[in-house]
Structure formats: structure tokens, C-alpha cells
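Next come the chains, spelled out residue by residue.
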Amino acid sequence: MKIIGNLIWFLFGGFIMALGWVISGVICCVTIIGIPIGLQAFKFAGLALWPFGKEVMYGGGAGSFILNIIWIFCGGFLLMLSHLFWGFLFCITIIGIPFGMQHLKLAKLALMPFGATIA
């Protein structure tokens, strides 16, 4: 089921969402200070491509909190809004609920990518 879910996800929006993460990462990598933020965005672009079967665990300290605040202004808020929109849209139908839940998982990650690990 995980493979089928990931293939359907990729075909119907996963690629576009991963592209959003990559664009945010490129924007952040323009400056030297933003390189760690951009690299984190590239790491989570892979999760946006194949989210089924993966869990996101949150943790971190003050450094992660500061980087998360900076991230919100570097594209995290817009990515969160797009994931929320698609998540609620998919949750309208019973068949779309698993895909909507993945978007909602990524919406939370879009606001707080630092300190999060993928398991």
C-alpha cells in the first residue's frame, strides 16, 4: 500500500510540492547565512516526494527555534498555506483522506523543519 500511495502522491501533486521545497531551498542558499536553511529544505523535498510510510519526529533546542523563525520568513509560511489548502481539499472525499493527512503532516513540517527528523 505504501508504494501505491507514494506513486499516486507523486503523480497528483507530490512533484509540485517537492518543487516548492526546492525553490525555497534555492532562495535561502543565495546568502551564506541561509545555506543551512536551504540544505534543510532540500532534505525535506525528498519527504514531499515520497511521504507514505515515513514519520516526522520533532525535537531540538534554542538553535532550532531561531532557525525555524527565520525559515518562516524564507518561504515556510507560503509552503504551509499550500499544504493546508491541498490537505483540506483532499480531506473532502473519503478516498482523499490519506493524501490530505500527508499534506497536513507536511504543513506542520513547513513551519518547523529544524529539529525535525524523518523516521
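Up top is the structure these notes are about.
Residues numbered from 1 in each chain as written. Predicted model: local features only at pLDDT ≥ 70, side-chain atom pairs only at ≥ 80, totals over all residues. Heavy atoms only, no water.

> Is there a simple way to think about the overall build of the protein chain in this case?
Tallying secondary structure elements over the protein chain gives four helices and two strands in all. Traced from its N-terminal end to its C-terminal end, the protein chain shows the element sequence α-α-β-α-α-β. Considered along the principal axes of its C-alpha atoms, the protein chain spans approximately 45 × 25 × 25 Å. Within the protein chain, counting contacts between residues at least 6 apart in sequence, those at least 24 apart form 75% of the total. As displayed, the protein chain offers around 6,800 Å² of accessible surface, 83% of which is attributable to carbon and sulfur atoms. (Helix = DSSP H or I, 4+ residues; strand = E, 2+ residues; numbered from the N terminus. Contact = heavy atoms within 4.5 Å. Areas by Shrake-Rupley, 256 points an atom, 1.4 Å probe, with all protein chains shown as cover.)

> How should the packing of helix 1 (residues 2-28) against helix 3 (residues 62-90) be read in this particular structure?
For any two helices packed against each other, one specifies the crossing angle of their axes together with the interaxial distance. The N-to-C vectors of helix 1 and helix 3 enclose an angle of 170°; their axes lie 9 Å apart at closest approach. Classified by the interaxial angle, the pair formed by helix 1 and helix 3 is roughly antiparallel. Between helix 1 and helix 3, the contacting residues are Phe12, Met17, Gly20, Trp21, Ser24 and Cys28 on the first element and Trp71, Cys74, Gly75, Leu79, Ser82, His83, Trp86 and Phe90 on the second. A class-by-class count of the residues in the contact of helix 1 with helix 3 yields nine nonpolar, five polar and no charged. (Axes fitted to C-alpha atoms, helices over the stretch in contact; angles between N-to-C directions. Parallel < 35°, antiparallel > 145°, perpendicular 65-115°, else oblique. Nonpolar A, V, L, I, M, F, W, Y, C, P; charged D, E, K, R; others polar.)

> Would you take a moment to explain helix 2 (residues 35-49) for this structure?
For an α-helix, the turn length of 3.6 residues means that residues three or four places apart are oriented alike. Across its 15 residues, helix 2 extends 22 Å between first and last C-alpha, which sits within 8% of the 21 Å expected from 1.5 Å per residue. Turning to helix 2, its buried residues are Ile37, Gly38, Gln40, Ala41, Phe44, Ala45, Leu47 and Ala48. Close packing links the buried residues of helix 2 with helix 1, strand 1 (56-58), helix 3, helix 4 (97-111) and strand 2 (116-118). (Expected span 1.5 Å × (residues − 1). Buried < 20%, exposed > 50% of the residue type's maximum accessible area, 1.4 Å probe, protein only.)

> Is there a simple way to explain the nonpolar core in this structure?
One broad trend across soluble globular proteins is that nonpolar side chains are buried collectively. Among the nonpolar cores identified, the biggest contains 22 residues, and Trp21, Phe44, Leu47, Trp71, Leu106 and Leu109 are the most heavily contacted of them. Of all the elements in the fold, those that place two or more residues in this core are helix 1, helix 2, helix 3 and helix 4. With six residues, helix 2 is the single largest residue contributor to this core. In this structure Leu109 touches Trp21, Phe44, Leu47, Val56, Tyr58 and Ala116, once residues within four positions along its chain are discounted. (Core = buried A, V, L, I, M, F, W, Y, C linked by side-chain atoms within 4.5 Å.)

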